[in-house]
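One-letter residues, chain by chain:
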Amino acid sequence: MPSSQIPSIQLHGRTYNLPQRPTVIICIDGFDPEYLQQGIEDGILPNLASFLKSGFHVTADCAMPSLTNPNNLSIITGTPTSIHGISGNYYLDKETGEEHMIVDDKTMRGTTILAKMADAGVRVTAITAKDKLRRIINHGLSPSKNSICFSAQCANESTISEHGIDNVEQWLGKSTPPQYSGELSLFVLDAGIKLLQEDRADLFYLTLSDYIQHKYAPGSKESNQFMQDIDFRIGIFIHLGAIVAVTGDHGMSDKSDPEGRSNVLFLEDFLYSRWPLAGTRVICPISDPFVKHHGALGGFVRVYLGDCSVIQEMITACRQLPEVETALTGPEAAEVFEMPRDREGDLVVISKKGFVIGSRRDEHDLSLLGEQRLRSHGGLSEQKVPLLRSSFESQGDSLGVRRWRNFDVFDLALNY
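Reference entry: report on the structure contained in this document. Per chain, residue numbering runs from 1 following the sequence as it is written. A pLDDT threshold of at least 70 governs which residues receive local features in this predicted model, and a stricter bar of 80 or more applies before side-chain atom pairs are shown or counted, although totals over entire chains, interfaces and linings include all residues. Excluding hydrogens and water, the side-chain values take into account all heavy atoms of the structure.

1. A closer look at the overall build of the protein
The cut-off we apply is this: We count a stretch as a helix when DSSP gives it H or I for four or more residues in a row; a strand needs E for two or more, and each element gets its number in order from the N terminus. We compute the radius of gyration over the C-alpha atoms and compare it with the globule rule, which gives 2.2 Å times the number of residues raised to the power 0.38. Residue burial is assigned from relative accessible area. The probe radius is 1.4 Å, only protein chains are included, and a residue is buried under 20% of its type maximum, exposed over 50%, and partly exposed in between. Contact between two residues is taken to exist if any of their heavy atoms lie within 4.5 Å; hydrogens are not considered. For the purpose of charge, His is not counted, nor are the chain termini; Lys and Arg are scored as positive and Asp and Glu as negative. Every charge is mapped to an atom, namely NZ of Lys, CZ of Arg, CG of Asp or CD of Glu.
Assigned secondary structure in the protein consists of 16 helices and 19 strands. Expected size for 416 residues packed as a compact globule is a radius of gyration near 22 Å; at 21 Å, the protein falls within 12% of this value. Taken along the three principal axes of its C-alpha coordinates, the protein extends 65 × 50 × 45 Å. For the protein, the residues scored as buried account for 60% of the 416 residues in total. Restricting the contact set of the protein to residue pairs at least 6 apart, pairs at least 24 apart contribute 73%. Charged side chains of the protein number 39 positive and 53 negative; the gap between the two group centres comes to 2 Å.

2. Looking at helix α2 (residues 46-54)
Cut-off, in case you're wondering: Comment: arc refers to directions from the helix axis out to C-beta atoms.
Among the residues of α2, those classed as buried are Leu48, Ala49 and Phe51. Along the axis of α2, the buried residues cluster in a sector spanning 145 degrees; they form a single face. Those residues of α2 that are exposed and angled more than 90 degrees off the buried face are Pro46 and Lys53. If you follow the buried residues of α2, they end up packed against α1 (33-41), β4 (56-61), α11 (221-239), β10 (243-248) and β19 (384-389).

3. Concerning the packing of helix α12 (residues 267-274) against helix α13 (residues 311-319)
The condition that has to hold: Whenever a helix is involved, its axis is fitted only over the stretch in contact; in every case the axis is a line through C-alpha atoms, and angles between N-to-C directions fall within 0 to 180 degrees. Our angle categories are set so that under 35 degrees counts as roughly parallel, over 145 as roughly antiparallel, 65 to 115 as roughly perpendicular, and the remainder as oblique. It is the rotation of the near helix from the far one that decides the hand of a crossing: anticlockwise by less than a right angle makes it left-handed, clockwise makes it right-handed.
Where α12 contacts α13, the two axes come as close as 12 Å, and the packing angle between them is 125 degrees. Compared by their axis directions, α12 and α13 come out oblique. The two elements α12 and α13 cross, and the hand of that crossing is right-handed. Residue-level contacts link Leu267, Phe270, Leu271 and Arg274 of α12 to Met314, Ala317 and Cys318 of α13.

4. A few points about the environment of Ser376
Stated formally: The definition of a polar contact used here is a pair of N or O atoms within 3.5 Å, where within protein one atom must be able to donate a hydrogen and the other to accept one, and adjacent residues in sequence count solely through side-chain atom pairs.
Within the secondary structure layout, Ser376 lies in strand β18 (residues 375-376). Expressed as a C-alpha distance, the spacing of Ser376 and Leu114, which sit 262 residues apart in the sequence, is 29 Å. Here Leu297 takes part through its backbone oxygen, which lies 2.6 Å from a polar atom of the side chain of Ser376.

5. A short note on the state of the cysteines
To keep things clear, this is the line we draw: By convention in this document, the label disulfide applies to cysteine sulfur atom pairs within 2.5 Å.
The tally for this structure, following the rule as stated, stands at zero disulfides. Between Cys27, a free cysteine, and Cys62, which holds the nearest cysteine sulfur, the sulfur-to-sulfur gap is 9.8 Å. The thiol sulfur of Cys154 is not disulfide-bonded, and the nearest other cysteine sulfur, from Cys149, lies at 12 Å. Of the residues examined, Cys154 reaches a relative accessible area of 15% and is grouped as buried.

6. Here we look at the pattern of salt bridges
Put simply, the rule reads: Salt bridges are defined by distance alone: a side-chain nitrogen of Lys or Arg within 4 Å of a carboxyl oxygen of Asp or Glu.
This model, assessed by the stated rule, comprises 32 salt bridges. Its salt-bridge partner being Asp408, residue Arg14 comes within 2.8 Å of it at the nearest N-O pair. Of this pair, Arg14 sits in strand β2 (residues 14-17) while Asp408 sits in the loop between α15 (398-401) and α16 (409-415), placing them 394 residues apart in sequence. Between Glu344 and Arg302 there is a salt bridge, and its shortest N-O distance comes to 2.4 Å. Taken together, the positions of Glu344 in the loop between α14 (330-337) and β16 (347-351) and Arg302 in strand β14 (residues 300-304) put the pair 42 residues apart, joining distant regions of the chain. The residues Glu344 and Arg302 share a single accessibility class, namely buried. Ionic contacts of the salt-bridge type, sharing partners, join the residues Glu99, Glu268, Arg281, Arg360, Asp362 and Glu363 into one network.

7. A look at the packing of α2 against α11
As a reminder of what qualifies: When residues are sorted by character, Ala, Val, Leu, Ile, Met, Phe, Trp, Tyr, Cys and Pro go into the nonpolar class, Asp, Glu, Lys and Arg into the charged class, and all the rest, Gly among them, into the polar class.
Interhelical geometry of α2 versus α11 gives an angle of 65 degrees and a closest axis separation of 7 Å. Contacts between α2 and α11 involve Pro46, Asn47, Leu48 and Phe51 from the former and Met227, Asp231, Phe232, Ile234, Gly235 and Ile238 from the latter. A per-class count over the contact of α2 with α11 returns seven nonpolar, two polar and one charged.

8. Digging into the pairing of β10
What counts is decided by this rule: DSSP calls a pair of strands paired once it identifies at least 2 bridges connecting them.
In terms of residue burial, β10 counts as a mostly covered element, since six of its six residues are buried. Strand direction decides the pairing type here: strand β3 (residues 23-28) and β10, joined by six bridges, are parallel. Across the sheet, residue Thr23 finds its bridge partner in β10, namely Ile243. Pairing geometry for β10 and β19, over three bridges, is antiparallel. Directly across from Val246, in β19, lies its bridge partner Leu388.

9. Structural notes on the sheet that holds β14
The four strands lie next to each other as β13-β14-β16-β15, forming an open sheet whose pairing is antiparallel. Every interior strand has two partners, whereas the edge strands, β13 (281-283) and β15 (324-329), have only one. Each strand axis lies, on average, 20 degrees off the axis of its neighbour in the sheet, ignoring direction. With three bridges connecting them, β13 and β14 associate as antiparallel partners. Looking across to β14, one finds that Arg281 is bridged to Tyr304. Of the strands in this sheet, β15 and β16 touch α13, which is tilted by about 170 degrees from β15.

Just geometry here; none of it tells us what the structure is for.
Pasting the structure below:
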C-alpha cells in the first residue's frame, strides 16, 4: 500500500503510520553503545549484528537528563522533555517546596503515541520491567481499547480490569522476578513473545531495567550473558514476523577510581561551605525506588536557591571543580537541552564522565553497592545510545546525515 494510503496518527507535529505488521519497539535500559560494540566483537549478538548489515543502525542521542523516566516519555511521545514535561525521576515542586518521586502520569503534558494508536484501533501492548514506569506509560491505555499494560515487577498483581491481562505467572509459566535482577527484563521480553505468538497485539513497547548495566561493564561475563539473552529473544520476534526496533533510554559510565572508590562530588556540602546563607538545596533527579544499584547518584543535578544573587559566583566556582563538565542557569539549561523551563532549577550542574554528583554526604548510602564499582548515568557522557531496526529499505543518504534521537524510534519503526 502506498504510504499516502496507510492510515496514520499525528502527535506533536509528527505523523506515524499505523502498523501494517506486528511492530516491536524495545527500550534496553542503560543501553550504552559499548554493550552493542563489545557483544558484536565477541560474536554473541547475531541478531543485533544482522541489523547492522541488513537493517538500520546509528548512534543516537537521548533526551537530557539521561535518565529513565524522561527518556521513556520522550520515546513514546517522539519529543524532548520540553514538550511532555517530565524531566526527571524525582523533582522539587517550586510552589510548595516539597520533593516528589514521579510514579505516575499526573505531571505529564499531552498524550503519547501509544495512546493515540489505541484510540485509532491498534491493539497496543506496553510491558515494563519497573512498575513505576508502568503507571506512567499506561497513560491513555485501557482494556476497553484492547490494550495490555503491566510490569514484570508486579506481574503477580495483574488484573483484567486494570492491566488487560491476569494470572500472568500461570499464563507465562514463570514466577514474578526479583526487583533487582536481570530476569526482570527477560520476563518483559518473554511476555511480549507469548502475546505475539497468541496474536494479541499489533504494536509492542517493551522497556527493560538497567540493573545489570549498573553492576557490570561491557565484556564482563554477566553483561555478555544478559545481552546474549536479549539478542536471542529479539531473534524470536523476528522469526515470528515482527519488525523490531531497538534503542536505549540512556547510556552508562563507570564512576569509580582505579581502586574502586566512587568518584562523588557532594555539591550541596560544597555550596553550603562557600555560601551558607544562600538557602541551597540540591535535587538529584536520578532518585527512584531502585536506588540500590546507584545510590541516587548520577551525572545531573538541579540546584534551588533562596538567594539567587550569588548564582553567577556559584556557576564560576562549579565550572572550576574537577568533577564538573558544565554549570548553567536553569533557563540556559532548559534552552540548551530542550527541557521544560518552568520546571527547571535555579542552577543545573552536570558531571564529567567519570564522576557523579550528590547532594549532601549524609543523603547517599553507598554501602548498598557492596563490592561493586559505581556505574551510573544522567549526564552528557551517557547521552549516546544505539538506534536499530531489523529490516530497512534505504531512503537516501539524508537519513544518515540527520541528528538521530532515541525518541525517533517510533518514526523509524512505523514510517520506513
